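Topology and contacts: notes
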Amino acid sequence: MGGAISAPEAFGASFDLAPGVETFELGEGLEGDPAFAFRRTLGMFATGVTILTARVAEQVHGMTANAFMSVSLSPPLVLISIDRRAKMGALLHEGTRFGVSVLEARQTDLSDRFAGRISDDVPEPTFEIVHEAPLVEGALAHLVARVVRSYWGGDHSLFLGQVEFARYGEGRPLLFHGGRYERLIEDPRVFALLPPELLEPILALGVERSYADAEAIMRAGDPGDELMLVLEGTVRVRRPGRDFMLGVGELIGEIEVLDPGGGRIADITAEGPVRCLAISRDSLLTALEADPRAAIALIEVLAARFRETA
Ligand code: FAD
């Protein structure tokens with residue numbers, strides 16, 4: 001265990017005595033450079049990606065950061081952690097305002113740019129000034145906060161900000177996990193993306209079912225042993241955080257039919273009279289065995305899902 005080290009002057013009010021430098025134990029199989037293992041361990045925590053911005057005279061300075069967290073709803077507080085070597089840290093003091101722009105899934109170029117990995121073909125970012133703070137245009141969500149406290153954080157500095165402005169739009173966030181960009185997969189379509197000549201033989205094995213208005217077609221948690229094509233009418237799909245309608249020609253239960261242990265992930269009910277074509281898992285497997293091109297096309301659809309955004 002090392003001795004206590006003192007906090008930088010500016011942070012004295014918050015940390016009179018900074019904690020000492022301590023060694024830590026690495027789990028089994030993680031021999032080697034402890035700093036590397038520590039970094040990799042922290043990288044398992046998936047986050048979104050933000051661009052932090054501040055205004056210096058008429059100039060805007062931005063940097064990419066994933067060390068952003070919500071702290072309190074009342075008062076509204078957020079926290080950011082900034083490397084003491086970063087220019088951004090020197091621009092923030094109690095009372096200064098900073099912008100937080102939460103990036104959308106396709107904004108990996110912006111993230112790279114504000115992390116100093118500039119590429120020439122990326123268009124110049126544009127900013128909107130709100131509450132005296134710059135915000136990156138086109139981001140998924142924006143916050144403006146005023147620094148109310150700053151804290152010693154080892155080789156980083158922590159800034160607690162009182163939120164003065166917040167807004168969000170529609171879209172999916174850019175994610176960062178294990179040192180890579182990732183994105184959420186919400187689109188449940190799999191079979192629907194097969195070419196028609198490969199999908200039709202599968203649908204030919206289906207049997208018709210009819211449902212009355214408000215009747216349950218699938219229930220969350222039930223075994224997902226069938227895929228269905230809506231032939232007539234409209235169905236309502238209710239998944240945690242999402243509620244939407246699907247109509248004629250749409251497939252339902254596409255993921256679960258490929259995942260025997262998983263169970264249904266949505267409640268699906270008929271909105272008015274509905275007619276569906278139900279294809280059992282057994283029929284599906286028979287069709288895939290009969291035409292390996294369909295199986296290969298399915299693997300390609302699934303593989304595309306896991307391709308990272310950059
Ligand atoms: P610089 O390195 O000088 O600037 C950053 C980049 O932004 C430069 O390329 C600069 O040209 C560009 N830039 C700045 N202002 C503008 C502008 N107005 N218009 C156009 N371009 C501009 N570091 C942390 O300290 N904390 C974190 O939480 C953190 N999270 C990260 C998460 C990810 C996903 C990544 C990729 C990096 C993260 N970093 C984090 C690292 C950090 O983004 C870089 O170290 C960054 O370079 C630090 O910026 P700086 O303030 O020192 O300024």
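The rules we used
- Residues numbered from 1 in each chain as written.
- Predicted model: local features only at pLDDT ≥ 70, side-chain atom pairs only at ≥ 80, totals over all residues.
- Heavy atoms only, no water.
- Pairing = 2+ DSSP bridges.
- Helix = DSSP H or I, 4+ residues; strand = E, 2+ residues; numbered from the N terminus.
- Axes fitted to C-alpha atoms, helices over the stretch in contact; angles between N-to-C directions.
- Near = heavy atom within 4 Å.
- Polar contact = N/O pair within 3.5 Å; in protein donor to acceptor, adjacent residues only side chain to side chain.
- Areas by Shrake-Rupley, 256 points an atom, 1.4 Å probe, with all protein chains shown as cover.
- Core = buried A, V, L, I, M, F, W, Y, C linked by side-chain atoms within 4.5 Å.
- Buried < 20%, exposed > 50% of the residue type's maximum accessible area, 1.4 Å probe, protein only.
- pLDDT = per-residue confidence, 0-100.
- Contact = heavy atoms within 4.5 Å.

Quick word on the sheet that holds strand S3 (residues 59-65)
As summarised here, the arrangement of the seven strands in space is S3-S2-S6-S9-S10-S5-S4, forming an open sheet in which the pairing is antiparallel. For this open sheet the edge positions go to S3 and strand S4 (68-72), each flanked by a neighbour on one side alone. Shown here is a sheet whose adjacent strand axes are inclined to one another by a mean of 35°, direction ignored. Pairing geometry for S4 and strand S5 (residues 77-83), over four bridges, is antiparallel. Within S5, the residue paired with Met-69 across the bridge is Leu-79.

Observations regarding the site of the ligand
In the vicinity of the ligand lie 24 residues, with Val-60, His-61, Thr-64, Asp-83 and Lys-87 positioned nearest. Between an oxygen atom of the ligand and a main-chain N or O atom of Thr-64, the distance comes to 2.7 Å. Between the ligand and Met-88, the relevant distance is 3.0 Å, taken from an oxygen atom to a main-chain nitrogen or oxygen of the residue. Against a free-state accessible area of 990 Å², the protein chains account for coverage of 78% of the ligand. Contributions of two or more residues to the shell around the ligand are made by S3, S5 and helix H2 (87-91). Looking at which element gives the most residues to the shell around the ligand, the answer is S3, with six residues.

A few points about the nonpolar core
Counting residues in hydrophobic clusters, the biggest one holds 20 residues, and the most contacted among them are Phe-191, Leu-194, Ile-202, Leu-203, Leu-227, Leu-251 and Leu-284. Elements that contribute at least two residues to this core include exactly helix H4 (196-203), strand S15 (226-239), strand S18 (267-280), helix H5 (281-290) and helix H6 (292-305). One finds Leu-52, Ala-54, Ala-145 and Val-147 within the second-largest nonpolar core, a separate group that totals 16 residues.

Here's the deal with the confidence of the model for the chain
Residue-level pLDDT values for the chain average 87, and 89% of them are 70 or greater. Every residue in residues 1-7 scores below 50 in pLDDT, and together they form 16 contacts with partners more than four places removed in sequence or on other chains.

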